[in-house]
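# Structural description and commentary
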Amino acid sequence: RYYVDKIDVSLMEHVVAKFLSRIADCAIDVSIKVQEVAMKLLLALLREGFLDDVDDENLWNQVNLRALARDATPNVRRDALYFVMEQLEAFDEGADEDQEEEDEEDDEEDNSPKNISSGKSRSTSTADAAERRAAQRLDALASWAAHTLTDGPVPIDKIQ
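Residues numbered from 1 in each chain as written. Predicted model: local features only at pLDDT ≥ 70, side-chain atom pairs only at ≥ 80, totals over all residues. Heavy atoms only, no water.

### As for the overall build of the protein chain
- Of the regular secondary structure elements, the protein chain holds five helices and zero strands.
- Ordered by position in the sequence, the α and β elements of the protein chain form the string α-α-α-α-α.
- Expressed as a percentage of its 160 residues, the buried residues of the protein chain come to 27%.
- Residue pairs in contact within the protein chain that sit at least 24 positions apart in sequence constitute 63% of those at least 6 positions apart.
- Surface exposure of the protein chain reaches about 11,400 Å², of which carbon and sulfur atoms provide 51%. (Helix = DSSP H or I, 4+ residues; strand = E, 2+ residues; numbered from the N terminus. Buried < 20%, exposed > 50% of the residue type's maximum accessible area, 1.4 Å probe, protein only. Contact = heavy atoms within 4.5 Å. Areas by Shrake-Rupley, 256 points an atom, 1.4 Å probe, with all protein chains shown as cover.)

### Section: the side chain of Gln35
- Looking at the element boundaries, Gln35 is found in helix 2 (residues 32-47).
- In terms of polar contacts, Gln35 uses its side chain to reach the side chain of Arg66, at 3.0 Å.
- Non-local contacts of Gln35, meaning those with residues more than four positions away in its chain, are made with Cys26, Ala27, Ile28, Asp29, Val30, Arg66, Asp71, Ala72 and Val76. (Polar contact = N/O pair within 3.5 Å; in protein donor to acceptor, adjacent residues only side chain to side chain.)

### What to know about the packing of aromatic side chains
- Taken as a whole and assessed by the stated rule, the structure comprises one aromatic pair.
- Centre to centre, the rings of Trp60 and Phe83 are 5.8 Å apart; their planes meet at 35 degrees, and the pair counts as tilted. Highlighted residues: Trp60 in helix 3 (residues 57-64) and Phe83 in helix 4 (residues 74-110), separated in sequence by 23 residues. (Phe/Tyr/Trp six-rings, centres within 6.5 Å; stacked < 30°, edge-to-face > 60°.)

### Section: a negative patch on the surface
- A surface patch of like charges, here negative, comprises Asp52, Asp53, Asp55, Asp56 and Glu57.
- Along the chain, Glu57 falls in helix 3.
- A relative accessible area of 51% places Glu57 in the exposed class. (Patch = residues over 30% accessible without salt bridge, like charges linked within 9 Å, V, L, I, M, F, W, Y side chains within 5 Å. Salt bridge = Lys/Arg side-chain N within 4 Å of Asp/Glu carboxyl O. Lys, Arg positive; Asp, Glu negative; His and termini not counted. Charge placed at Lys NZ, Arg CZ, Asp CG, Glu CD.)

### Some thoughts on helix 2
- Taking 1.5 Å of rise per residue, 16 residues should cover 22 Å, and helix 2 covers 23 Å from first to last C-alpha, within 8% of that figure.
- Here helix 2 has its buried residues at Gln35, Ala38, Met39, Leu41, Leu42, Leu43, Leu45 and Leu46.
- Note on helix 2: the residue one or two positions beyond its end, Gly49, has a positive phi of about 90 degrees. (Expected span 1.5 Å × (residues − 1).)

### Observations regarding the nonpolar core
- In this structure, Leu20, Met39, Leu42, Leu45, Leu51 and Phe83 are the most contacted members of the largest nonpolar core, which totals 32 residues.
- The leading source of residues in this core is helix 2, at seven residues. (Core = buried A, V, L, I, M, F, W, Y, C linked by side-chain atoms within 4.5 Å.)

### Here's the deal with helix 1 (residues 13-26)
- If you check helix 1, its first and last C-alpha atoms are 18 Å apart, about what 14 residues at 1.5 Å a residue would give, namely 20 Å.
- When the local axis directions of helix 1 are compared, the greatest deviation, roughly 70 degrees, occurs at Phe19.
- If you check which residues of helix 1 are buried, you get Val16, Leu20, Ile23, Ala24 and Cys26.
- Next to the buried residues of helix 1 lie helix 2 and helix 3. (Bend = angle between axes of the 7 residues up to and from the residue.)

### With respect to the confidence of the model for the protein chain
- A residue-level look at the protein chain finds 69% of positions with pLDDT of 70 or above and a mean pLDDT of 79.
- Note on residues 112-118: pLDDT under 50 across the span, and four contacts to partners over four residues away in sequence or across chains. (pLDDT = per-residue confidence, 0-100.)

### As for the packing of helix 1 against helix 3
- Following both chains from N to C, one finds helix 1 and helix 3 inclined at 25 degrees, their axes separated by 9 Å at the closest point. As judged from the angle between their axes, helix 1 and helix 3 are roughly parallel. Crossing hand, helix 1 versus helix 3: left-handed. Facing Leu20, Ser21, Ala24 and Asp25 of helix 1, the residues of helix 3 in contact are Leu59, Gln62 and Val63.
- For the contact of helix 1 with helix 3, the residue count by class is four nonpolar, two polar and one charged. (Axes fitted to C-alpha atoms, helices over the stretch in contact; angles between N-to-C directions. Parallel < 35°, antiparallel > 145°, perpendicular 65-115°, else oblique. Left-handed = near helix turned anticlockwise from the far one by under 90°. Nonpolar A, V, L, I, M, F, W, Y, C, P; charged D, E, K, R; others polar.)

Spelled out as structure tokens, the structure:
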């Protein structure tokens, strides 16, 4: 059994800086077990913020493309997809903060004496906001997948 989940990655700052490219290469290793452990570790490193300052486009593409790779196991594809989704969510955080500010302003207007209701509208607006965020995330993921699949020398009719 692999104990990647039990590793305290916060203690690994120098190791990550030195071996990140090798860890990313392990995500495309010939051994399926190595690929799976590498993807789990890369996902944990991303979530802990170790990859925030990485500007190596080839490294990002190499890891992200594992989400769509035919030769990857379902576990590798799943973790790579989570890896992509974490990146998309990081870009969306700024948009979410702007939306929250707009929602707060709307709530202040709704709480005026004329507009006070039984509270259903507030829970409905929260549900609507959550549904809107989920739709935005799905749209971003679909856009990424479409861009990734169509960005290259393969004609669109040959993509399977």
